[in-house]
Structures are given as C-alpha cells and as structure tokens.
Amino acid sequence: MDTELVIEFLGNVPLLQRLPSSSLQKIAQLVKVKHYDRGDYVIREGETGDGIYFIWDGEAEVCGFNQVDDENRLEFQLKQFDYFGHGLATTLQPAEVIALSKLTCLVLPHEHNNLLQPKSIWNADKERDTCPLVEHILHLEPIEVNIFQGITLPDAPKFGKVFGGQFLGQALAAASKTVDFLKIVHSVHAYFLLVGDFDIPIIYQVYRVRDGKSFATRRVDAIQKGNVVFTLIASFQKYEDGFDHQDAKMPNVPDPETLLSMEDLREMRKTDPRLPRTYRNKVATANFVPWPIEIRFCEPNNATNQTKSPPSLKYWFRAKGKLSDDQALHRCVAAYTSDLIFLTVSLNPHRKKDLSVTSVSLDHSMWFHRPLRADDWILFVIHSPAAHNARGFVWGQMFNRKGELVVSLTQEGLLRPGRRVFLPKL
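Novice: Just to check I follow, could you spell out the overall build of the protein for this structure?
Specialist: Secondary structure summary: the protein contains seven helices and 20 strands in total. With the C-alpha coordinates of the protein rotated into their principal frame, the extents come out at 85 × 45 × 40 Å. Relative to its full complement of 426 residues, the protein shows a buried share of 51%. Long-range contacts, defined here as pairs at least 24 residues apart, represent 75% of the contacts in the protein between residues at least 6 apart. When the accessible area of the protein is evaluated, it comes to approximately 20400 Å², of which 50% is carbon and sulfur surface. Distance between charge centroids for the protein: 12 Å, based on 50 positive and 51 negative side chains.

Novice: For this particular structure, what's the right way to read the packing of aromatic side chains?
Specialist: Both the distance between ring centres and the angle between the ring planes are used here to describe each pair of aromatic rings. Tallied over the full model, the rule gives 12 aromatic pairs. Both rings, one in F159 and one in W291, keep their centres 5.9 Å apart while their planes meet at 90°; by these two values the pair is edge-to-face. With F159 in the loop between β10 (147-150) and α4 (164-176) and W291 in the loop between α6 (277-285) and β15 (293-297), this residue pair connects regions lying 132 residues apart in the sequence. By relative accessible area, which is 23% here, F159 ends up partly exposed. Members of the aromatic cluster, connected to one another through ring pairs, are F297, Y315, F317, F342 and F380. Residue placement shows K158 over the ring face of F198; its charged tip is 5.7 Å from the ring centre.

Novice: Can you walk me through the packing of helix α5 (residues 262-271) against α6 in this structure?
Specialist: Two measures define how a pair of helices packs: the angle their axes make with one another and the distance between the axes. As a packed pair, α5 and α6 sit with axes 8 Å apart at the nearest point and diverge in direction by 130°. Considering the angle they form, α5 stands oblique to α6. As for how α5 packs across α6, the hand of that crossing is left-handed. Contacts between α5 and α6 involve R266, R269, K270 and T271 from the former and Y279, R280, V283 and A284 from the latter. When the residues that make up the contact of α5 with α6 are grouped by side-chain class, the tally is three nonpolar, one polar and four charged.

Novice: Got a minute to help me understand the sheet that holds strand β2 (residues 41-43) in this structure?
Specialist: Strands pair in a sheet through their backbones, by hydrogen bonds, and they do so in one of two ways: parallel or antiparallel. With antiparallel pairing, the four strands of this open sheet are ordered in space as β2-β7-β4-β5. Each edge of the open sheet carries a strand with a single partner, namely β2 and β5 (77-78). Alignment of strand β4 (residues 60-63) against β5, held across two bridges, turns out to be antiparallel. The partner of E61 across the bridge, within β5, is Q77.

Novice: Explain the environment of G85 to me, please; I cannot follow it from the model alone.
Specialist: If you trace the backbone, G85 turns up in the loop between β6 (83-84) and β7 (96-99). Residue class for G85 comes out partly exposed when judged on its relative accessible area of 26%. Put simply, G85 and L108 are 23 residues apart on the chain and 9.9 Å apart in space, counted from C-alpha to C-alpha. Sequence-distant contacts of G85, that is, excluding residues within four places in its chain, are made with I43, G51, I52 and Q93.

Novice: How should the side chain of S176 be read in this particular structure?
Specialist: With respect to the secondary-structure elements, S176 resides in helix α4. On the accessibility criterion, S176 (13% relative accessible area) is buried. Setting aside its immediate chain neighbours within four residues, S176 contacts F236, A328 and C332.

Novice: Teacher, can you tell me more about a nonpolar patch on the surface here?
Specialist: Nonpolar side chains collect at one region of the surface, where Y191, L193, L194 and V228 lie side by side and expose about 370 Å² of accessible area between them. Within the fold, L193 resides in the loop between β11 (183-192) and β12 (202-211).

Novice: What's the story with the confidence of the model for the protein in this structure? I'm lost.
Specialist: In low-pLDDT regions, the fine details of the predicted coordinates are not to be read closely. Overall, the predicted model of the protein reaches an average pLDDT of 90, with 93% of residues at or above 70. Counting interchain partners and residues more than four positions distant, the pLDDT-below-50 stretch residues 421-426 has 25 contacts.

Novice: Would you mind going over the nonpolar core with me for this structure?
Specialist: Across soluble globular proteins, nonpolar side chains show a tendency to be buried alongside one another. If you look at the biggest cluster of nonpolar residues, it comprises 67 residues, and the most contacted ones within it are Y204, F230, L232, I293, I295 and V333. Discounting residues that sit within four places of it in the chain, I295 has contacts with L260, S261, M262, Y315, W316, F317, L340 and I341. Membership of the second largest hydrophobic core comes to 18 residues, among which are L10, L24, I27 and I52.

Novice: Help me out: how do you make sense of the packing of helix α1 (residues 3-10) against helix α2 (residues 21-30) in this one?
Specialist: Packing of α1 against α2 brings their axes to within 9 Å, and their N-to-C directions diverge by 125°. Between α1 and α2, the crossing angle belongs to the class labelled oblique. Viewed along their axes, α1 and α2 form a crossing whose handedness is right-handed. Across the interface between the two elements, T3, V6, I7 and L10 of α1 pack against L24, Q25, I27 and A28 of α2. A per-class count over the contact of α1 with α2 returns six nonpolar, two polar and no charged.

Novice: Can you walk me through the sheet that holds strand β18 (residues 378-388) in this structure?
Specialist: The sheet built from 12 strands is open, its strands ordered β9-β10-β12-β13-β14-β11-β17-β20-β19-β18-β16-β15 with antiparallel pairing. Single-partner strands in this sheet number two, and they are β9 (141-144) and β15. On average, adjacent strands in this sheet sit at an angle of 25° to one another, irrespective of strand direction. Relative to strand β19 (residues 391-399), β18 is paired through eight bridges, and the arrangement is antiparallel. Paired with H388 across the bridge in β19 is R391. Running at roughly 150° to strand β17 (residues 357-368), helix α7 (residues 327-338) makes contact with β11, β15, β16 (312-319), β17, β18, β19 and β20 (405-417) of the sheet.

Analysis parameters
Every chain begins its residue count from 1, and numbering advances along the sequence as written. Confidence filtering applies because this is a predicted model: local features only for residues at pLDDT of at least 70, side-chain atom pairs given and counted only at 80 or more, and all residues used for totals across whole chains, interfaces and linings. Heavy atoms throughout the structure, all of them, feed into the side-chain values; hydrogens and water do not. Secondary structure follows DSSP: runs of H or I at least 4 residues long count as helices, runs of E at least 2 residues long count as strands, and numbering of each begins at the N terminus. Only protein chains enter the accessibility calculation, which uses a 1.4 Å probe; a residue is then buried when its area is under 20% of its type maximum, exposed when over 50%, and partly exposed in between. Contacts were defined at the residue level, with two residues in contact if any of their heavy atoms lie within 4.5 Å. Accessible areas in this description were obtained via Shrake-Rupley with a 1.4 Å probe; residue shielding takes into account the shown protein chains only. Counting rule applied: Lys, Arg positive; Asp, Glu negative; His and chain ends not counted. Each charge is placed at NZ for Lys, CZ for Arg, CG for Asp and CD for Glu. Aromatic contacts are taken between Phe, Tyr and Trp rings whose centres are within 6.5 Å, Trp giving its six-membered ring; a plane angle under 30 degrees counts as stacked, one over 60 as edge-to-face, and the others as tilted. Criterion for a charge above a ring: Lys NZ or Arg CZ within 6 Å of the ring centre, and within 35 degrees of the ring normal. Every axis corresponds to a line fitted to the C-alpha atoms, with the helix fit spanning only the stretch in contact, and the corresponding angles, defined between N-to-C directions, vary from 0 to 180 degrees. By definition in this entry, angles of less than 35 degrees are roughly parallel, angles greater than 145 are roughly antiparallel, angles of 65 to 115 are roughly perpendicular, and the rest are oblique. Should the near helix be turned anticlockwise from the far one by less than a right angle, the crossing is termed left-handed; should it be turned clockwise, right-handed. Gly is placed with the polar residues, together with every amino acid not listed as nonpolar (Ala, Val, Leu, Ile, Met, Phe, Trp, Tyr, Cys and Pro) or charged (Asp, Glu, Lys and Arg). Two strands pair if DSSP finds at least two bridges between them. Think of a patch as exposed residues, more than 30% relative accessible area, with no salt bridge, where like charges cluster within 9 Å and nonpolar side chains (Val, Leu, Ile, Met, Phe, Trp, Tyr) cluster within 5 Å. A side-chain nitrogen of Lys or Arg and a carboxyl oxygen of Asp or Glu constitute a salt bridge if their distance falls within 4 Å. Residue-level confidence of the predictor is summarised by pLDDT, bounded by 0 at the bottom and 100 at the top. Here, nonpolar core means buried Ala, Val, Leu, Ile, Met, Phe, Trp, Tyr and Cys residues that are tied together by side-chain atoms lying within 4.5 Å of each other.

Following this line, the structure appears as structure tokens:
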C-alpha cells in the first residue's frame with residue numbers, strides 16, 4: 001500500500017493526534033493490511049488479537065458484552081478512522097468485533113506499541129523538560145478529539161499577560177496535530193480578541209474546516225473562562241513542484257556571530273554613560289526573564305525606548321537549543337518569535353521620555369514560502385509604513401542565511417497613548 005496514502009489516513013485517526021511526525025512515519029511503514037468479508041470475525045472475545053486495528057474502509061460492530069443494546073448500538077459501530085484492539089500481546093479482548101461489510105484494516109503489531117506512547121507531541125524519545133524551552137512552551141496535551149490544552153510555563157515570557165506569540169505558536173501547533181504531517185502550514189491569519197490570563201490553562205478547540213487531497217484548512221479557538229480570547233485560521237499544503245522565483249533581496253547586514261546578544265546588550269546598557277540615567281536605572285531594576293529565543297540586533301546603537309528612530313528594524317533570531325526535527329514545530333517557533341519584537345517598531349518615530357502606551361496585537365498574518373529551521377539564524381526585516389487612529393501597522397520578511405525568503409508577515413495592533421505599557425524591555 002502506498003506510504004503517502006497511509007500517512008494521510010493516519011493523520012485522521014483521533015488516537016494518533018498526539019504523536020510526533022517521526023512516530024507516524026514509522027507506523028505507516030509497520031502496519032499490515034488485513035481484509036475481511038461481511039460477517040467475518042475480526043477479533044473473538046478472549047483472543048489477544050494482532051495489535052491495534054485501524055479501519056481503513058468498511059464497517060464493523062462490537063458485540064458480545066452486556067453494554068450493547070438497541071439504544072446505544074450505534075455507539076459500537078465502527079467506521080473509517082475508528083480503531084480497536086489492545087497494544088499488549090498479553091491482554092485478552094473483552095468483546096467480539098464482526099465485519100458489517102467488506103472491511104479493510106491496518107494493524108499495528110503488538111511489538112510496536114511503544115510508538116503510541118511518545119514523550120511529547122514533537123519528539124518520541126526526548127522528555128519535555130530536557131528539550132529547548134520554546135519547544136516545551138509549544139507542547140500541548142491532547143484532551144479529546146480536536147481539543148488540546150496549553151499552559152504558560154513559569155519561565156516563559158509574559159509581559160503582564162499571555163504573550164501573543166504563545167497564542168500563535170500553540171494554536172498553530174494544535175491545528176498541525178489534526179493534519180497529516182505531509183501537509184505543512186503555508187498561511188496563518190489570527191485575531192487577538194481578549195487579554196489572556198497566564199495563571200490558568202488555555203483550551204484550544206480545532207475545527208476541521210476542509211480536508212482535500214493537496215490542501216487542508218483548520219480554525220482554532222483559544223478559550224479561557226468560557227470565552228474565546230484568540231482565534232486563528234490556517235491553511236496546509238502538501239509539497240508539490242511548481243514555479244519558483246524570488247524578487248525580495250536580503251539586506252546586507254553583519255553576520256550574527258559578530259553581533260552582541262540581547263542579554264549582553266542589556267548588561268552593557270546598564271552602565272553605559274551615554275544613555276540617560278533614568279533609562280539605565282529602569283533597565284537595572286526591571287525584572288528581566290530571559291527569552292527562549294536568541295536575538296541579535298543588526299544595528300545596535302544608543303537608541304532607547306525614549307529615543308525617536310525610523311520605523312524599521314533588522315535582527316537575527318534563532319531558538320535557544322536544538323529543536324526536534326519536525327517542520328511543523330519549526331514553523332510554530334517562527335510564529336511564536338514573530339510577535340516578540342514586531343508591532344512596537346511602529347512606535348519608533350513617536351518615542352520620548354516617560355512615554356506610556358497600551359500595546360496590544362489585534363491581527364497577525366504569516367505566509368510560509370519555504371522550509372526553515374528555527375534553531376538556525378533567521379534574519380527578520382521589519383518596516384512600519386503607517387500608524388493612525390491608535391493603530392500601528394508593520395510588515396516583515398524572514399530570510400535564511402542563504403538569502404532565501406522563508407516567511408512574509410503583517411501585523412496590526414493597538415497603540416494607545418497614556419496607558420499601561422505592554423512592551424518588551426531590553
């Protein structure tokens with residue numbers, strides 16, 4: 001049986017939505033095909049069976065135990081994408097499964113049951129506590145079919161609320177886990193509706209809007225206290241050959257290895273006599289939580305959040321640590337990072353001493369053009385063409401080190417003067 005078809009099928013099996021792509025790839029290669037005629041016993045009560053059965057085509061029925069009656073019989077009729085059986089060879093089946101029609105099943109043998117018990121949704125073998133912080137932040141717990149739970153870790157960036165990039169990354173992760181991994185996200189459109197509370201979990205409800213041969217569409221609502229606080233729609237595409245060109249040019253900037261990290265730059269600014277005393281005191285006393293993303297500004301200077309500057313910015317970024325090899329994860333990390341320093345570039349021409357601003361993302365869009373690695377250096381080029389009516393607008397481009405355009409982005413957000421500040425601090 002064609003491996004790609006099997007992978008697409010497995011992506012629709014609810015039991016498997018918690019698995020990393022590496023596990024699904026192995027399962028696709030290990031399953032065995034079994035055919036049954038109508039009335040055949042697939043499993044008899046008291047047998048061990050051959051493993052976990054996934055219904056590829058046809059229908060079957062569970063029978064032979066007391067809970068089945070006329071009122072709930074439909075609950076025990078199995079159709080495509082349903083599954084049954086035990087992964088352990090020593091466990092006896094408590095009921096019988098009989099084919100109601102011609103039936104085809106994919107069977108994962110007992111000895112490969114460990115593939116159904118991964119350490120995280122991104123890596124089958126690595127404990128979450130040992131993976132990079134951003135990968136841990138983007139881990140979700142599957143609660144039910146199409147429902148996931150995320151939390152805000154104690155050492156995750158917050159800025160007084162749930163960080164918008166966390167909503168983006170976690171919601172995109174939830175959507176990705178309901179699509180077969182041959183389809184990769186190519187566009188994301190999101191709206192930030194309410195401020196998130198980082199002290200309580202976030203429920204991500206995924207809606208399977210469309211599943212096609214080449215494309216799939218998902219909508220995700222992030223819910224807290226019964227309210228939708230964030231919503232996202234994402235489109236996924238299977239790779240195919242096509243036209244290829246790039247007009248965008250990566251700016252000529254210093255290599256990231258020659259630049260200071262954000263943490264080093266912050267330490268220098270605490271004692272730099274060329275900077276205003278009030279600014280240095282604020283930096284020195286601020287409670288700074290290191291970010292899970294390493295950032296290096298291409299044009300470090302003496303400008304501060306009290307200094308006017310052009311509405312543009314360029315910086316290199318990469319995840320701290322080696323991420324698991326799952327392209328979906330790397331795109332989720334890029335989405336997470338894209339909200340760290342983006343909208344605030346709209347404030348650059350308006351900065352002054354004692355400026356206080358409410359800064360809240362309103363909507364965010366991303367287009368992924370090419371594969372990327374978020375644990376390798378990516379150049380983020382940002383420009384703000386306009387700000388008006390208490391809203392700022394920014395667009396951005398992300399380039400890999402070869403100069404290939406990997407992501408295009410836009411964001412609009414509220415920039416309301418004279419209120420509490422929700423800005424990243426250097």
